[in-house]
Amino acid sequence: MTKKFTRTIENFTCQQCKTHVTGNGYTNHCPHCLWSKHVDINPGDRAHSCTGLMEPIQINIQSNETIITHQCTKCGTIKKNKNHESDSTSAILAMMKKSHI
Ligand SMILES: [Zn+2]
Ligand SMILES: [Zn+2]
């Protein structure tokens, strides 16, 4: 499997918590509620037509990296994303509690 990454800089308004998010090219989820949107086939390509909201269902810590697992509420696709330094720590901690880690 080849992984492609396209850097797309864009601002968006989170459809879950209505926060206006300023994109930096790597933003693929809302830093406040951690919800994402199903728009990529490969990260950043915006080539997927689903556009369903992706719910953060699990947080994993893997060698100093925080991995957020998202599941699309529309088609059920599961994706893993690295967290971002701008992500809300309290949202991540709340997710960890939910995932019983
Ligand atoms: Zn949000
Ligand atoms: Zn989807």
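Residues numbered from 1 in each chain as written. Chains lettered and ligands numbered in written order. Predicted model: local features only at pLDDT ≥ 70, side-chain atom pairs only at ≥ 80, totals over all residues. Heavy atoms only, no water.

A.B. asks: I keep staring at the overall build of the protein chain and nothing clicks. Help me out?
C.D. replies: Within the protein chain, the regular secondary structure consists of 1 helix and 6 strands. Moving toward the C terminus, one meets the helices and strands of the protein chain in the order β-β-β-β-β-β-α. For 101 residues, the compact-globule formula gives about 13 Å, and the C-alpha radius of gyration of the protein chain, at 13 Å, lands near that figure. Referenced to the eigenvectors of the C-alpha coordinate spread, the extents of the protein chain come out at roughly 35 × 35 × 25 Å. Buried positions account for 37% of the 101 residues belonging to the protein chain. A fraction of 33% describes how many contacts in the protein chain between residues 6 or more apart in sequence connect residues 24 or more apart. Here the protein chain has roughly 6500 Å² of accessible surface; of this, 51% comes from carbon and sulfur atoms. (Helix = DSSP H or I, 4+ residues; strand = E, 2+ residues; numbered from the N terminus. Rg over C-alpha atoms; globule rule 2.2 N^0.38 Å. Buried < 20%, exposed > 50% of the residue type's maximum accessible area, 1.4 Å probe, protein only. Contact = heavy atoms within 4.5 Å. Areas by Shrake-Rupley, 256 points an atom, 1.4 Å probe, with all protein chains shown as cover.)

A.B. asks: Can you help me understand unusual backbone geometry in this one?
C.D. replies: Glycine aside, residues mostly have negative phi angles, and peptide bonds mostly take the trans form. In this model, Arg-46 sits at a positive phi of 50 degrees, which is unusual for a non-glycine residue. Summarising the element assignment, Arg-46 is placed in the loop between β3 (36-37) and β4 (53-62). A positive phi is found at Ser-63, a non-glycine position, where the angle reads about 35 degrees. Mapped onto the elements, Ser-63 comes out in the loop between β4 and β5 (65-72). Overall, Ser-63 belongs to the exposed group, its relative accessible area being 71%.

A.B. asks: I tried to follow the coordination of the zinc ion (ligand 1) on my own but got confused; where do I start?
C.D. replies: For a metal bound by four donors in a tetrahedral arrangement, the ideal donor-metal-donor angle is 109.5 degrees, while six donors in an octahedral arrangement ideally sit at 90 or 180 degrees. Looking at the zinc ion (ligand 1), one finds its protein donor set to be Cys-14 (SG), Cys-17 (SG), Cys-30 (SG) and Cys-33 (SG), positioned 2.2 to 2.3 Å from the metal centre. Its 4 donor atoms give the zinc ion (ligand 1) angles of 104 to 113 degrees at the centre, a pattern that matches the tetrahedral case. Counting along the primary sequence, the residues that act as donors to the zinc ion (ligand 1) give the motif C-x2-C-x12-C-x2-C. Of this pair, Cys-17 sits in the loop between β1 (12-13) and β2 (20-21) while Cys-33 is found in the loop between β2 and β3, placing the two residues 16 residues apart along the sequence. Of the residues examined, Cys-17 reaches a relative accessible area of 31% and is grouped as partly exposed. (Donors = N, O, S within 2.8 Å, 3.2 Å for Na, K, Ca; no water. Tetrahedral: all angles 85-135°; square planar, octahedral: opposite > 155°, others 65-115°.)

A.B. asks: For this particular structure, what's the right way to read the coordination of the zinc ion (ligand 2)?
C.D. replies: Around the zinc ion (ligand 2), the protein contributes the donor atoms His-38 (ND1), Cys-50 (SG), Cys-72 (SG) and Cys-75 (SG), at 1.9 to 2.4 Å from the metal centre. Taken together, the 4 donor atoms surrounding the zinc ion (ligand 2) define angles of 103 to 118 degrees at the centre, an arrangement classified as tetrahedral. Along the chain, the residues that donate to the zinc ion (ligand 2) are spaced as H-x11-C-x21-C-x2-C. Pair noted here: His-38 is in the loop between β3 and β4 and Cys-75 is in the loop between β5 and β6 (78-82), with a separation of 37 residues, a long-range link. Look at His-38 and you get buried, because its relative accessible area is 2%.

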